[in-house]
Amino acid sequence: MSETREITLTVNGTEQTIDVEPRKLLVHAIREDLDMTGTHIGCDTGNCGACTVLVDGEPLKSCLMFAVQADGSAVETVEGMEDHPDAVDDLHPLQEGFHEEHGLQCGYCTPGMIMSGKALLEDNPDPSEAEIREAISGNLCRCTGYQNIVKSIEYAADKLADGERDDAEAVAADGGVAADDGPAEFDGYDVDGDGEFSCGAENCCGGPSTDATHRGGDER
Amino acid sequence: MKSAPFEHHQPTSVGEAVSLLESLDGPTVLSGGQSLVPMLRFRLANPDVVVDINGIEELDYLHEDDGYLKIGALARHADVEHSDLIAEKYGSFADAAPLVADPQIRNRGTVVGSVAQADPKGDWGSLLIAHGGEVVAHGPDGERVIPADEFFLLPYDTSLDEDELITEVRIPVPSEREGSAYHKLKRKTGDYAMAGVGVCLRFDDDGVVESAGIGMTAVDITNARASDAEDHLEGERPSPDLFEEAGELAAEQSHPESDEHGDAAYKERMVDVLTQRALGDAAERAGVVRRTVNP
Ligand SMILES: Cc1cc2nc3c(=O)[nH]c(=O)nc-3n(C[C@H](O)[C@H](O)[C@H](O)COP(=O)(O)OP(=O)(O)OC[C@H]3O[C@@H](n4cnc5c(N)ncnc54)[C@H](O)[C@@H]3O)c2cc1C
Ligand code: FES
Ligand code: FES
């Protein structure tokens, strides 16, 4: 064991001081020294994104960074989501989205997905489906097929936008008209051509993606 | 697996970093760490000393200066991806940036680190070759400028000395009638290239190709120049036939290896196709041709 160094991280708003060896990865410092096991280790090679955290607001893979390199930084992990100012009833709209839209099965990828989703929505509160898919392209999920993860992030974007609208209305007047968020009537497949496929089941997966986005230079 | 123990140094200036590299025994530079951290963890690299350059603010730049686009050692892939200057004037860099790895890795990994890594599958090396770029290194004897063609020697091996720090890579600012493009074939979003081709074309006032640069990714032991195709293009007027011939010449000069993602013959064919597409984009961006249908 080599010499340790004292570092200070502001983790989910709370300052934490720990002693670490220079070779300790940020993900291990978070899980082992800070006892926050919400941040997962999936692949150990930088491929899967399960270890994604925000460092000074940017999503990074915490298995590709040493803890000493984060000294003095603000680190956000999934544990901070429930205490976030946008959270209602103990859940952040992103967490609520994954719950409501069945955005997880085993849940292994979920903390990373949520952190990538958070970074996206902070940057771009009204993302398109393609932008959501791009933002989570460094996060692998072996279970869901991604459709419901995309929907979960869309849910959060809508919810956060509603919240802002409500706030604005509350300031402007005393009340405001609640949006009609009741369950939509079953209307089968994509009859209105808006690109939204629904089989009608409450838990519809969204069907196969027909969204053939093609960007210059990318022959995937 | 954990890295072997190492001493971690965090210089805050180029001068300090260079004197550390000179005085320490067997030092390794740590930049974005997106290639080096896994290598340390799997003990493919076992340095006793790591010189972490992330605190050297003077290396964090991406700008035009003195006739060059200069990319400082701390410019991240994401800085290129989100730069207005790149979007406006540097077609090939704008094409390549969003195709390097994934958002998290682009936030941390650097263009210079990728060039220093000299992975034949790295994207940026091909663009340095296509644009006639240079690597600027600082060592105990001061500054050294290494042309891209003399930089890449073998997979993961360059002409950089152990006590040298790359401070920037640079390419000439494009002339009026110049266009560039990068095309990359990969299995899925976020992957390394199965094959990639970067192209830079400069035309004279009559629309004749004055100079052509073509760099190839993942189809040789290093990022490689398609010099036969370049020679064939120079002095000619752009046409689909000309680009087809250039594509074939590039494919002939490539040496891909068969692997689980495709056999060598398939990858050669892809070099041909990607070269034609990149040439078409570059000529269109230079303003000398207008394509009515996609290739
Ligand atoms: C999952 C995954 C997918 C990836 N996909 C791609 C891809 O599609 N295309 C692609 O091009 N790359 C890809 N990469 C690699 C990524 O782009 C790295 O960021 C890059 O190769 C290295 O840059 P870095 O700044 O992270 O360098 P580091 O990892 O810090 O360093 C890499 C090497 O360069 C040396 N070095 C770094 N900076 C300097 C310097 N200034 N002077 C001297 N030596 C230096 C280091 O000593 C080390 O040997 C991928 C990586 C991962 C983990
Ligand atoms: S554990 Fe970090 S990317 Fe997989
Ligand atoms: S829910 Fe199992 S990996 Fe994503």
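The coordinates are above.
Note that residues are indexed from 1 along each chain, following the sequence as it is written. Throughout, the order in which chains and ligands are written sets their labels, letters from A for the former and numbers from 1 for the latter. For this predicted model, a pLDDT threshold of at least 70 governs which residues receive local features, and a threshold of 80 or more governs which side-chain atom pairs are given and counted, while totals over whole chains, interfaces and linings are taken from all residues. The side-chain figures draw on all heavy atoms in the structure; neither hydrogens nor water molecules are used.

A.B. asks: For this particular structure, what's the right way to read the overall build of chain A?
C.D. replies: Along chain A, the regular secondary structure elements total five helices and six strands. A run of H or I in DSSP becomes a helix once it reaches four residues, and a run of E becomes a strand once it reaches two; helices and strands are each numbered from the N terminus. Listed by position from the N terminus, the elements making up chain A come as β-β-α-β-β-β-α-α-α-α-β. Summary of the burial criterion: residues with accessible area below 20% of their type's maximum are buried, those above 50% are exposed, and those between are partly exposed, where the area comes from a 1.4 Å probe applied to protein chains only. In chain A, buried positions account for 44% of the 220 residues. By sequence separation, contacts in chain A at least 24 residues apart represent 53% of the contacts at least 6 residues apart. Carbon together with sulfur atoms contributes 46% to the accessible area of chain A, which is approximately 11500 Å² in total. It only takes one pair of heavy atoms within 4.5 Å for two residues to be counted as in contact. Here the accessible surface of atoms and residues is derived via Shrake-Rupley with a 1.4 Å probe, and residues count as covered only by protein chains that are part of the display.

A.B. asks: I would appreciate a short explanation of the packing of helix 2 (residues 93–100) of chain A against helix 3 (residues 110–123) of chain A in the present structure.
C.D. replies: The axes of two packed helices give the description: the angle between them and the distance between them. Residues and elements named next belong to chain A. At a minimum axis distance of 10 Å, the contact between helix 2 and helix 3 shows a crossing angle of 125°. One finds that helix 2 runs oblique with respect to helix 3. Regarding helix 2 and helix 3, the two cross each other, and that crossing is right-handed. Together, Leu94, Gln95 and Phe98 of helix 2 and Thr110, Met113, Ile114, Gly117, Lys118 and Leu121 of helix 3 make up the contact between the two elements. Polarity classes work like this: nonpolar for Ala, Val, Leu, Ile, Met, Phe, Trp, Tyr, Cys and Pro, charged for Asp, Glu, Lys and Arg, and polar for all others, with Gly in that last group. Of the residues in the contact of helix 2 with helix 3, the class split is five nonpolar, three polar and one charged. Axis definition: a line fit to C-alpha positions, over the contact stretch in the case of helices; interaxial angles, taken between N-to-C directions, run 0 to 180 degrees. Roughly parallel means an angle under 35 degrees; roughly antiparallel means over 145; roughly perpendicular covers 65 to 115; every other angle is labelled oblique. Left-handed describes a crossing whose near helix is turned anticlockwise from the far helix by less than a right angle; the clockwise case is right-handed.

A.B. asks: Explain the sheet that holds strand 6 (residues 134–139) of chain B here, please?
C.D. replies: The pairing of strands in a sheet happens through backbone hydrogen bonds and is either parallel or antiparallel. All names here are of chain B. Read from one edge to the other, the open sheet built from five strands follows the order 4-5-10-6-7, with strand pairing classed as antiparallel. Either end of the sheet is taken by a strand with one partner, and the two such strands are strand 4 (62–65) and strand 7 (142–147). The sheet shows a mean angle of 25° between the axes of neighbouring strands, direction not considered. Strands pair, by our definition, only if DSSP identifies at least two bridges between them. As judged from the four bridges shared by strand 4 and strand 5 (residues 68–72), these two strands associate in the antiparallel manner. Bridging across to strand 5, Leu62 finds its partner in Ile71. Helix 1 (residues 14–23) rests against strand 6 and strand 10 (165–172) of the sheet, and its axis sits at about 125° to strand 10.

A.B. asks: How should the site of ligand 1 be read in this particular structure?
C.D. replies: Proximity criterion: a residue is near a molecule or strand once any of its heavy atoms comes within 4 Å of it. Near ligand 1 there are 34 residues, and of these B:Val29, B:Gly33, B:Ser35, B:Leu36 and B:Thr110 occur at the shortest range. Positioned at a junction of chains, ligand 1 has nearby residues supplied by chains A and B. For this analysis, a polar contact is any N or O atom pair within 3.5 Å, provided that within protein one partner can donate a hydrogen and the other can accept it, and provided that sequence-adjacent residues contribute only side-chain to side-chain pairs. Between ligand 1 and the protein, one listed contact pairs an oxygen atom with a backbone N or O atom of B:Leu36 at 2.7 Å. Within the backbone of B:Ile166, an N or O atom sits 2.9 Å from a nitrogen atom of ligand 1. With the chains in place, 93% of the 980 Å² that ligand 1 exposes on its own is no longer accessible. Its residues assigned to classes, the shell around ligand 1 comprises 15 nonpolar, 16 polar and three charged.

A.B. asks: Quick question: what am I supposed to make of helix 2 of chain A here?
C.D. replies: An α-helix turns once every 3.6 residues. As a result, residues three or four positions apart point the same way. Residues and elements named next belong to chain A. Of all eight residues that make up helix 2, six are buried, and the element is covered over most of its length. Of the residues making up helix 2, those classed as buried are Pro93, Leu94, Gln95, Glu96, Gly97 and Phe98. Looking one or two places after helix 2, you find His102, whose phi comes out positive at around 55°.

A.B. asks: Would you take a moment to explain the interface of chain B and chain A for this structure?
C.D. replies: Buried accessible area, meaning the area lost when the parts come together, often serves as the stated size of an interface. At the junction of the two partners, chain B supplies 39 residues and chain A supplies 33 residues. Carbon and sulfur atoms make up 51% of the surface buried where chain B meets chain A, a total of about 3000 Å² over both sides. When two components associate, each loses some accessible surface as probed by a 1.4 Å sphere; the sum of these losses over both components is called the buried area. When the buried area of chain B at its contact with chain A is split by residue, B:Arg41, B:Gln104 and B:Thr189 rank highest and sum to 21% of it. Each salt bridge in this description consists of a side-chain nitrogen of Lys or Arg and a carboxyl oxygen of Asp or Glu lying within 4 Å of one another. Inspection of the region where chain B meets chain A yields three salt bridges.

Function-wise, these values are silent; they only describe arrangement.
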